[in-house]
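Examination of the molecular architecture
If you want the building blocks of each chain, they are given just below.
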Amino acid sequence: MRLLHVNRISLCCVVLFFLMGGPAQAQSNSGKETRSSSCPNDDTGLRLPAGFCATIFADGIGHARHLVVGPNGVVYVNTWSGDYYGNQPSHAGGFLVALQDKTGSGKADVIERFGETAENGGAGGTGIGIYKGSIYAESKDRIVRYALASGPVLPHGDPDTIVSGLPLGGDHPMHPFIIDSQGSLYVDVATATNSCQARNRHRGSPGLNPCTELETRGGIWRWDANKTNQTFSPGARYATGIRNAEGFAFDSTGRLFVTQQGRDQLHANWPDLYKPTEEATLPAEELLLLKPGGDYGWPECYYDAVQQKLVLAPEYGGDGGKTAGECASKSAPAAAFPAHWAPNGMARYDGKKFPARYRNGVFIAFHGSWDRAPYPQGGYNVVFQPLAGDRASGNCEIFADGFAGAVKTPDGAEHRPSGVVAGPDGALYVSDDIRGRIYRIVYQGGPTSGTAGITPCPSASAPAGEIAGAAAGPPEGTHANAGAAAARNLPVPPGATRAMVALGDRIYHGQVGGAPCVGCHGANATGSPLGPSLTSKKWLWSDGSYAGILKAIKEGVPQPKEYRSPMPPMGGAQLTPDQLSALAAYVWAVSH
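Residues numbered from 1 in each chain as written. Predicted model: local features only at pLDDT ≥ 70, side-chain atom pairs only at ≥ 80, totals over all residues. Heavy atoms only, no water.

1. So, the overall build of the chain
Where we set the bar: The way it works is that DSSP assigns letters per residue, a run of H or I at least four long becomes a helix, a run of E at least two long becomes a strand, and they are numbered from the N terminus. We get accessible surface area from the Shrake-Rupley algorithm with a probe of 1.4 Å; when it comes to residues, only the shown protein chains can shield them.
When helices and strands are counted, the chain shows seven helices and 28 strands. Of the roughly 21,800 Å² of accessible surface on the chain, a fraction of 51% belongs to carbon and sulfur atoms.

2. Overview of the environment of Asn-78
Tracing the chain through its elements places Asn-78 in strand S3 (residues 75-80). Along the primary structure Asn-78 and Gly-94 are separated by 16 residues, whereas in three dimensions their C-alpha atoms are 9.6 Å apart.

3. So, the pattern of salt bridges
Short version of the rule: Whenever Lys or Arg places a side-chain nitrogen within 4 Å of a carboxyl oxygen from Asp or Glu, that contact is recorded as a salt bridge. The rule is simple: take the accessible area with a 1.4 Å probe, protein chains only, and divide by the maximum for that residue type; under 20% is buried, over 50% is exposed, in between is partly exposed.
The tally for this structure, following the rule as stated, stands at 19 salt bridges. Among the salt bridges present, the one from Lys-107 reaches Asp-43, with a minimum N-O distance of 2.6 Å. In this pair, Lys-107 is assigned in the loop between strand S4 (96-100) and strand S5 (110-114) and Asp-43 in the segment before strand S1 (52-58), connecting sequence segments 64 residues apart. The class of Lys-107 is partly exposed, set by a relative accessible area of 30%. We note a salt bridge from Arg-437 to Asp-59, for which the minimum N-O separation is 2.9 Å. Taken together, the positions of Arg-437 in the loop between strand S27 (428-432) and strand S28 (438-443) and Asp-59 in the loop between S1 and strand S2 (63-69) put the pair 378 residues apart, joining distant regions of the chain. With relative accessibility at 38%, the residue Asp-59 sits in the partly exposed group. Connected through salt bridges with shared partners, the residues Asp-171, Arg-201, Arg-243 and Asp-264 form a single ionic network.

4. Structural notes on the state of the cysteines
Under the convention used in this document: Any pair of cysteine sulfurs within 2.5 Å is marked as a disulfide.
Tallying each qualifying case throughout the model produces four disulfides. At a sulfur-sulfur separation of 2.1 Å, the disulfide partner of Cys-396 is Cys-457. The S-S bond linking Cys-396 to Cys-457 shows a torsion near -130°; that makes this disulfide left-handed. A residue pair is termed long-range when its members are at least 10 positions apart, and Cys-396 in the loop between strand S24 (391-392) and strand S25 (397-400) and Cys-457 in the loop between S28 and helix H3 (484-487) qualify at 61 residues.

5. Some points on helix H7 (residues 577-591)
Here is the rule: Residue count minus one, scaled by 1.5 Å, sets the expected span of a helix. It only takes one pair of heavy atoms within 4.5 Å for two residues to be counted as in contact.
Helix length check: H7 (15 residues) gives 21 Å between terminal C-alpha atoms against 21 Å at 1.5 Å per residue, within 8%. Most of H7 is tucked away: twelve of the 15 residues are buried. Looking at H7, one finds that the buried residues are Gln-579, Leu-580, Ala-582, Leu-583, Ala-584, Ala-585, Tyr-586, Val-587, Trp-588, Ala-589, Val-590 and Ser-591. Against the buried residues of H7 lie helix H4 (498-508) and helix H6 (546-555).

6. A closer look at the packing of aromatic side chains
Quick reminder of the rule: Only Phe, Tyr and Trp rings take part, Trp by its six-membered ring, and two of them pair if their centres are within 6.5 Å. Stacked means planes under 30 degrees apart, edge-to-face means over 60, and tilted covers everything else. In our convention, an over-ring charge means Lys NZ or Arg CZ found within 6 Å of a ring centre and within 35 degrees of that ring's normal.
Going through the model one piece at a time under the given rule, you end up with 26 aromatic pairs. Measuring from ring centre to ring centre gives 5.1 Å for Tyr-358 and Phe-384, while their planes differ by 75°; the resulting arrangement is edge-to-face. Separated by 26 residues along the polypeptide, Tyr-358 in the loop between strand S21 (343-347) and strand S22 (361-366) and Phe-384 in strand S23 (residues 381-388) bring together distant segments of the chain. Neither Tyr-358 nor Phe-384 differs from the other in exposure class; each is buried. The aromatic ring of Tyr-358 is capped on one face by Arg-357, whose charged end is 5.1 Å from the ring centroid.

7. Concerning the sheet that holds strand S14 (residues 237-240)
Applicable threshold: Should DSSP find at least two bridges between two strands, the strands are taken to pair. Simply put, an axis is a line fit to the C-alpha atoms, just over the touching stretch for a helix, and the angle between two N-to-C directions goes from 0 to 180 degrees.
Pairing within the open sheet is antiparallel, and its four strands lie in the order S10-S11-S12-S14. Every interior strand has two partners, whereas the edge strands, strand S10 (177-179) and S14, have only one. Averaged over all pairs of adjacent strands, the angle between their axes in this sheet comes to 20°, without regard to strand direction.

8. A look at unusual backbone geometry
Residue Asn-209 is joined to Pro-210 through a cis peptide bond whose omega torsion reads 5°. Locating Pro-210 in the fold gives a position in the loop between strand S11 (184-189) and strand S12 (219-224). Ala-373 connects to Pro-374 through a cis peptide bond whose omega is 5°. For Pro-374, the location among the structural elements is in the loop between S22 and S23. Within the chain, Gln-265 stands out as a residue other than glycine whose phi angle is a positive 60°.

9. What about the packing of H6 against H7?
To be explicit about the condition: When an angle is under 35 degrees it counts as roughly parallel; over 145 it counts as roughly antiparallel; between 65 and 115 it counts as roughly perpendicular; any other value is oblique. For any helix crossing, the convention is left-handed if the near helix is rotated counterclockwise from the far helix by under a right angle, and right-handed if that rotation is clockwise. The residue classification treats Ala, Val, Leu, Ile, Met, Phe, Trp, Tyr, Cys and Pro as nonpolar and Asp, Glu, Lys and Arg as charged. All others, Gly included, are polar.
It is the contact of H6 with H7, at a shortest axis distance of 9 Å, that shows an interaxial angle of 125°. In this view, H6 runs oblique relative to H7, as classed from their interaxial angle. H6 and H7 meet at a crossing whose hand is right-handed. Judged by residue contacts, Tyr-546, Ile-549, Leu-550, Ile-553 and Lys-554 of H6 engage Leu-580, Ser-581, Leu-583, Ala-584, Ala-585, Val-587, Trp-588 and Ser-591 from H7. The residue makeup of the contact of H6 with H7, split by class, is ten nonpolar, two polar and one charged.

What follows is the structure, given as structure tokens:
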């Protein structure tokens, strides 16, 4: 839960981090390779299909979001900063990065920066594209254009503003985009809320009807990339009912597909309608075929992969997925993926170097889940989804995995895929927005057909699995005095007991009560990309006293002073008074 002293953006979530296996060996059980004699320069630790190799093309360039590759092989990356990443100091120079491999080593030996800087008020962004020899990039509320010369890596001159006034703030302030061959600029203007509730992410809060947010958010807008000084207006909307479309790709016939990040917290906000396991398995992530005037259902609807249909959301009279209602008339997805994997960048591979099976579909970078806890998290990978016409032609495959390392959680992952693009050299480039790594994946030869060594994606309707880490048991044991060892070195707040701190420790770590603390604040309460540290002693919602912490947890933080997302009362958990008091005692202890 997001508490009282915050130094990062917080999205309250229910997560228990769980440990996956150690680094993959030369050949994993799935038949995928990491480093082996066939990939002597592979320093990535990624698991790839047989015949594929990877290198670290660049590293430490900032929080790398989406990327494009110019005809000359220069890779351009948009990096993002700000409170989402804990307001870490940004790199000197601009937030846009140009990377070039001049020696053919598979690694960038030229790294140049341009664009807005932190000093002149910039914060970077997500969206980036190339059209008619110019770089287009998102910067706060604008899409701007930088002219490229034929020789230099960097553009010259000041940028032109193509469109300004894009909505900012809320849960999804980024603006990914794509430009077609005629110059139509399609921009994601994602939602400010989870499900258009009167009180965002609060248990039992109804949806606004009508959802006024849809006037300016929750869809795809279209402008002309050839024109400057256009301004945002509701009239430029191209499609609606899309919560967050981070990925864009055209197929070989020019049809435009976008990804859809599904809503969160069905069980947390509607526990009488959804089981705890359904927090992890609903709703499916989606791949949508974009059509002019299309309505894809948000916020009234979500996609249930078990029933394979859109159903009515609880905020709008839904009954736990039994009723479709108006959702029967909305546009269903072309493909579905496991819940909460968070699809981000997407690209079609139209080169000739990969086996032919990868030329009829899209690669999708999945940023990784938080809302599947206390069940195992998912995503943190790149998948390939085959297409035939306007539909999936089969199940997706996990093409690249191993980005996160041993722990697939927002606070434990070493790297999280964000963008993906195919280069003119036939390589696939993938960006990471934790440590700013760019991966380059190439095909070195091997089987060109069949499915040997392929790892299929789990079904979007697969069960949640076993509670993560449950078999290992709590580190303090299960004896009658369990928790005392872990808590004995922590201070005890006035009015509480050491036994309360010990119980609060177990509640915080998800072992009792389903408390949603670890996912946002990390296993050690030191924060994650989704939530602040609880040990920084920066207080915004109380004086730091035990009573003040208790009050803030109990009432929640409906209108944060510095961050986008509210914290529901008790973070959305159902705690008894004794559990609430114990949790507050533990938070006081770790913060003192």
